[in-house]
Protein chains: 2
Amino acid sequence: MKALIILKLGGSAITYKRRNIPKVRPNVIRMAAEEIKRAKEEKDFNLIVVHGAGPYGHKFVTEYGIDNGLKTSEHFEGFVKTHNSMEELNRIVVDEFVKVGLLGFPVQPSVCIVQENKKIVSFDTSIIKSLLELNSGIIPIMYGDMVLDRELKASVVSGDAIIAYLAKELGAERVLFGTNVPGIHDKDPRTNKDAEIISNINEENVDDVLLKVSETKDVDVTGGMKGKLVEVLKTLQGVNVLIFNVTEKENLYNALAGKDVEGTEIKMV
Amino acid sequence: MKALIILKLGGSAITYKRRNIPKVRPNVIRMAAEEIKRAKEEKDFNLIVVHGAGPYGHKFVTEYGIDNGLKTSEHFEGFVKTHNSMEELNRIVVDEFVKVGLLGFPVQPSVCIVQENKKIVSFDTSIIKSLLELNSGIIPIMYGDMVLDRELKASVVSGDAIIAYLAKELGAERVLFGTNVPGIHDKDPRTNKDAEIISNINEENVDDVLLKVSETKDVDVTGGMKGKLVEVLKTLQGVNVLIFNVTEKENLYNALAGKDVEGTEIKMV
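Please read these numbers as outputs of a predicted model, since none were measured by experiment.

What counts, and at which threshold
- Residues numbered from 1 in each chain as written.
- Chains lettered and ligands numbered in written order.
- Predicted model: local features only at pLDDT ≥ 70, side-chain atom pairs only at ≥ 80, totals over all residues.
- Heavy atoms only, no water.
- Helix = DSSP H or I, 4+ residues; strand = E, 2+ residues; numbered from the N terminus.
- Rg over C-alpha atoms; globule rule 2.2 N^0.38 Å.
- Buried < 20%, exposed > 50% of the residue type's maximum accessible area, 1.4 Å probe, protein only.
- Contact = heavy atoms within 4.5 Å.
- Areas by Shrake-Rupley, 256 points an atom, 1.4 Å probe, with all protein chains shown as cover.
- Lys, Arg positive; Asp, Glu negative; His and termini not counted.
- Charge placed at Lys NZ, Arg CZ, Asp CG, Glu CD.
- Least-squares fit on C-alpha atoms with pLDDT ≥ 70 in both.
- Salt bridge = Lys/Arg side-chain N within 4 Å of Asp/Glu carboxyl O.
- Pairing = 2+ DSSP bridges.
- Axes fitted to C-alpha atoms, helices over the stretch in contact; angles between N-to-C directions.
- Buried area = accessible area lost by both parts, 1.4 Å probe.
- Polar contact = N/O pair within 3.5 Å; in protein donor to acceptor, adjacent residues only side chain to side chain.
- Nonpolar A, V, L, I, M, F, W, Y, C, P; charged D, E, K, R; others polar.
- Core = buried A, V, L, I, M, F, W, Y, C linked by side-chain atoms within 4.5 Å.
- Expected span 1.5 Å × (residues − 1).

*Asks:* Residues and numbers for the overall build of chain A, please.
*Replies:* Scanning chain A for helices and strands turns up 10 helices and 12 strands. The C-alpha atoms of chain A give a radius of gyration of 18 Å, which matches the 18 Å a tight globule of 269 residues would have. Residues counted as buried form 58% of the 269 residues belonging to chain A. Of the contacts made within chain A by residues no fewer than 6 positions apart, 74% connect residues no fewer than 24 positions apart. Carbon together with sulfur atoms contributes 45% to the accessible area of chain A, which is approximately 11,000 Å² in total. Averaging the coordinates of the 35 positive side-chain charges in chain A and doing the same for the 39 negative ones gives two points 3 Å apart.

*Asks:* Explain the relation of the copies chain B and chain A to me, and be specific about the residues and the numbers.
*Replies:* Relative to chain A, chain B is turned by 180° and slid 0.0 Å along the rotation axis, the superposed coordinates differing by an RMSD of 0.0 Å. The two molecules are tied by a two-fold rotation axis, judged by turn and shift.

*Asks:* I'd love a proper account of the pattern of salt bridges, names of residues and values included.
*Replies:* Counted under the stated rule, the structure contains 26 salt bridges over all chains. Linking D44(A) and K2(A) is a salt bridge whose minimum nitrogen-to-oxygen distance equals 3.4 Å. One end of the pair, D44(A), is in the loop between α2 (26-42) and β2 (46-51); the other, K2(A), is in the segment before β1 (4-9), and 42 residues separate them in sequence. Residue class for D44(A) comes out exposed when judged on its relative accessible area of 54%. R150(B) is the partner of E116(B) in a salt bridge, and the nearest nitrogen-oxygen pair spans 3.9 Å. On the criterion of sequence distance, the pair formed by E116(B) in strand β4 (residues 113-116) and R150(B) in the loop between β7 (145-149) and β8 (153-157) is long-range, its members being 34 residues apart. By sharing partners, the salt bridges in this structure join R30(A), E96(A) and K99(A) into a single network.

*Asks:* Go over the sheet that holds strand β6 (residues 138-143) of chain A with me, naming the residues and quoting the values.
*Replies:* Residues and elements named next belong to chain A. Read from one edge to the other, the open sheet built from eight strands follows the order β3-β6-β2-β1-β9-β11-β12-β10, with strand pairing classed as mixed. Each end of this open sheet is capped by a strand with a single partner; those strands are β3 (103-106) and β10 (200-201). Both strand β11 (residues 240-245) and strand β12 (residues 264-266) contribute to a ladder of three bridges, which runs antiparallel. Bridge pairing in β12 places L242 opposite E265. Seen against the sheet, α2 touches β1, β2 and β6 and runs at an angle of roughly 170° to β2.

*Asks:* Please set out the interface of chain B and chain A residue by residue, giving values where relevant.
*Replies:* At the interface, 28 residues of chain B touch 28 residues of chain A. For the pair chain B and chain A, the summed buried area comes to about 2,600 Å², and 74% of that belongs to carbon and sulfur atoms. Of all residues in chain B, R91(B), F105(B) and V111(B) bury the most surface against chain A, accounting for 22% of the area lost on that side. If you look at where chain B meets chain A, you find two salt bridges. Across the pair R91(B) and E87(A) runs a salt bridge, and its minimum N-O distance is 3.4 Å. For the pair chain B and chain A, the number of links is nine residue pairs in polar contact (both at pLDDT 80 or more). Broken down by secondary-structure element, the contributors of at least two residues to the side of chain B that touches chain A are α4 (73-99), β3 (103-106), α5 (109-112) and α6 (126-133) of chain B. Among the elements that line the side of chain B that touches chain A, the one with the most residues is α4(B), at 11 residues. When the residues that make up the side of chain B that touches chain A are grouped by side-chain class, the tally is 16 nonpolar, seven polar and five charged.

*Asks:* Account for the environment of R30(A), with residues named and values stated.
*Replies:* Residues and elements named next belong to chain A. Turning to its location among the elements, R30 is positioned in helix α2. In this structure the C-alpha to C-alpha distance between R30 and E74, which are 44 residues apart in sequence, comes to 36 Å. Discounting residues that sit within four places of it in the chain, R30 has contacts with E96 and K99.

*Asks:* So what's going on with the sheet that holds β7(B)? Residues and values would help.
*Replies:* All names here are of chain B. Spatially, the four strands line up as an open sheet ordered β5-β4-β7-β8, and their pairing is mixed. Edge positions in the sheet fall to β5 (119-123) and β8, since each of these pairs with one other strand and no more. Shown here is a sheet whose adjacent strand axes are inclined to one another by a mean of 45°, direction ignored. As paired elements, β4 and β7 share two bridges and run parallel to each other. Within the sheet, the bridge partner assigned to V114 lies in β7 and is L148. Together, β4, β5 and β8 form the strand contacts of helix α7 (residues 159-170), whose direction differs from that of β5 by roughly 50°.

*Asks:* Quick one: what's the story with the nonpolar core, residue by residue and with numbers?
*Replies:* Within the largest apolar cluster, 113 residues are counted, with the highest numbers of intra-cluster contacts made by F79(A) and F79(B). The element contributing the most residues to this core is helix α7 (residues 159-170) of chain A, with six residues. In this structure F79(A) touches I66(A), L70(A), M146(A), V147(A), L148(A), A154(A), F105(B), L131(B), L134(B) and I138(B), once residues within four positions along its chain are discounted.

*Asks:* Can you break down α2(A) residue by residue, with the values?
*Replies:* Residue and element names in this part refer to chain A. Over its 17 residues, α2 extends 25 Å from the first C-alpha to the last, a length consistent with the 24 Å expected when each residue adds 1.5 Å. Looking only at α2, the buried set comprises V28, I29, M31, A32, A33, E35, I36 and A39. Packing partners of the buried residues in α2 comprise β1, α1 (11-14), β2, α4 (73-99), β6 and α10 (251-257).

*Asks:* Account for the pairing of β1(A), naming residues and giving values.
*Replies:* Residues and elements named next belong to chain A. Counting buried positions over the six residues of β1 gives six, a clear majority of the element. Because side chains alternate across β1, one face comprises the buried residues L4, I6 and K8, and the other comprises I5, L7 and L9, equally buried. Two strands pair when backbone bridges link them, and β1 and strand β9 (residues 174-179) are joined in this way by five bridges, in the parallel orientation. Within the sheet, the bridge partner assigned to L9 lies in β9 and is G178.

*Asks:* Tell me about the side chain of Q115(B), and please be specific about residues and values.
*Replies:* All names here are of chain B. In this structure, Q115 sits in strand β4. For Q115, the side chain forms a polar contact with the side chain of S155, separated by 2.8 Å. If near-sequence neighbours (up to four positions away) are discounted, Q115 is found in contact with I120, V121, V147, L148, D149, R150, S155, V156 and V157.

*Asks:* Give a description of unusual backbone geometry that names residues and reports values.
*Replies:* Residue and element names in this part refer to chain A. Phi is positive for N117, close to 50°, though the residue is something other than glycine. The class for N117 is partly exposed, based on a relative accessible area of 44%. The phi angle at K153 is positive, at roughly 75°, despite the residue not being glycine. Structurally, the position occupied by K153 is in strand β8 (residues 153-157).

Function cannot be inferred from these measures alone, as they are strictly geometric.
The structure is reproduced here in structure tokens:
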């Protein structure tokens, strides 16, 4: 099989996450689709895209108070509403891919993933594998979603958790986290003007980095930048990870083409 | 578990199928949603909805010539386009359900169904079962789709084939086929003014009926009324089946409430 790259299109990059209104940034999605198209024309690789939820998911999860399981009939309504909202966002992403001629194929997480206490315990990846094995340029597109949970009835599965599972299961060569910031800073860049990007995280500096990073203040039920880093360290051992700003022109193309991109490279053995 | 009813919303009923343009009949979908809501307020039952494709699916399958497997890169494009078009239709259906306060929850067929030579060989129904077991009024909504096929790479799975599988697997008490005609006629009603509806089909008159029914002329890669009848006879033994006109007010409500409805009842032992 060809090299597999998994790309996250973060909720912070493709939606107005900080304003917490369910509205997309169509320009960012279109630009991402165009740069993928360009990279794919030059180089042959398998690609899976996983996009975040942003306010399309978090807003409802928070509003309905369903981050710790479903109990009341309102909770069930919130669950259904959250999933449907995510599909709405997914439709927009897939449409932009198709418009530029990419074979974006949505894969509904809630049909193939089951969780237990917010952790994935079952994930039927056969549809993803089969789509890639068709060897036809099809790009499976998944997303953060609410899925059935054996303990909580339903719970949030983050795009990052999906990526961690897929990267291990399918042997991803590289995971690209496209966010709206240029990488992991040593301080919160919104409150510290002298914040700098940590360009490499590895066995040697990881403890030092973990002490430094501060949590972002975004409304995000799946955790901020520190959460992301901890999750990456825990779940993506052995994988080449890049956290970069996907809202900046050329970055995604360069990342896919293997060229230099500003960002944070993480590789733990 | 509560009694399970499976409802088909036929492509001929919810789209402009005969004109072969991908356009829905929102009034029909809204009316169906409202009547389900009313019936559910009076009576407690589990419901699964499966909707047809109409031109949303058939148009692309025909245009791309992908009814017999994927070979060229154009075929793969057609496959992706057909599925995405079906999701577009599904979004509209789900939205109408949600608007009237029903917990419509889409379940993507291509994630849980695999075919071999156009026949379902694997169908993970656990998501459907789990959604019903939540006992919260959630209505899983599936649809005719293109799914992966072990021989043909991808093939069409009809809403009817999904229904046949689910009815057997989950022990449906009743299957309601909502179409745009009042049942199965003894002659083609569009060319024969004296055509009459066959109100009951059972062991005793089935051979006679099969001789009489003529195929409908609709553009439909999954077969017309005769095809439907043959499929029902073959796959839905022991299940109470009703074929009726879902575009006529009150019919769906009456069917769900167990009241009299004009249509064709089929019950084979």
